[in-house]
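Coordinates in review
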Amino acid sequence: MRVALALVRFAAAVVGDERYREQWEADVAGAHELGMSPLSVAFGALRAVVVMPSKGVAVAGIGPLGIALKHAGTPRGRVIAIAVVSGLFLLGGLVLLFA
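Let me sum up the structure you'll find in this document. Computed from a predicted model, the values in this text were never measured in an experiment.

**Describing the overall build of the chain**
If you tally the helices and strands in the chain, you get 5 helices and 0 strands. Moving toward the C terminus, one meets the helices and strands of the chain in the order α-α-α-α-α. Going through the 99 residues of the chain one by one, you find that 29% of them count as buried. Considering only intrachain contacts with a sequence separation of at least 6, the fraction spanning at least 24 residues in the chain is 42%. Of the roughly 6800 Å² of accessible surface on the chain, a fraction of 69% belongs to carbon and sulfur atoms.

**Comments concerning the pattern of salt bridges**
Taken as a whole, this structure holds 3 salt bridges when the rule is applied. When the shortest N-O distance is used, the salt bridge between arginine 21 and glutamate 18 registers 2.3 Å. Of the two residues, arginine 21 and glutamate 18 are both situated in helix α2 (residues 18-29); the distance of 3 residues between them amounts to about one turn of the helix. Its relative accessible area of 43% is what places glutamate 18 among the partly exposed residues. Here the salt bridges share partners, and the residues they tie into one network are Arg9, Glu18, Arg21 and Glu25.

**Notes on the nonpolar core**
The tendency in soluble globular proteins is for nonpolar side chains to be buried as a group. One finds Val8, Val15, Trp24, Val28, Ala42 and Val49 to be the most contacted residues of the largest nonpolar core, which totals 15 residues. The set of elements that each furnish at least two residues to this core consists of α1 (2-15), α2 and α3 (38-51). Setting aside residues up to four positions removed in sequence, alanine 42 forms contacts with Ala4, Leu7, Val8 and Val28.

**Quick notes on α1**
Look at α1: 20 Å from first C-alpha to last across 14 residues, which is about the 20 Å you get at 1.5 Å a residue. Every buried residue of α1 is listed here: Ala4, Leu5, Leu7, Val8, Ala11, Ala12 and Val15. End-on, the buried residues of α1 take up no more than an arc of 160°, which puts them together on one face. Exposed side of α1, more than 90 degrees from the buried face: Arg2, Val3, Phe10 and Ala13 are the residues found there. Close packing links the buried residues of α1 with α2, α3 and α5 (76-98).

Thresholds, definitions, all that
Residues numbered from 1 in each chain as written. Predicted model: local features only at pLDDT ≥ 70, side-chain atom pairs only at ≥ 80, totals over all residues. Heavy atoms only, no water. Helix = DSSP H or I, 4+ residues; strand = E, 2+ residues; numbered from the N terminus. Buried < 20%, exposed > 50% of the residue type's maximum accessible area, 1.4 Å probe, protein only. Contact = heavy atoms within 4.5 Å. Areas by Shrake-Rupley, 256 points an atom, 1.4 Å probe, with all protein chains shown as cover. Salt bridge = Lys/Arg side-chain N within 4 Å of Asp/Glu carboxyl O. Core = buried A, V, L, I, M, F, W, Y, C linked by side-chain atoms within 4.5 Å. Expected span 1.5 Å × (residues − 1). Arc of directions from axis to C-beta.

It is worth stressing that arrangement in space is one thing and function is another; only the former is reported here.
This is how it looks when you write it as structure tokens:
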């Protein structure tokens, strides 16, 4: 149960909304009453964070993060994918630069 609560708190921190944390903690606490695993509820909250559209940013970043943040209206999973691919390209460029 503690691990599930920690995962839910992490997911709510990623979203940045206290309302989600309260709702998801209540869902984890009431999971046993419905015959569900608290961990499956917590992983459901993590999956919800990945597909939720982000709210945007106040300051644009530089490099892979900046490119990803330009797509702030898209789901978080797509933003993460853009950041990872951009980071790999940046890493490949650095390897070629110093090779």
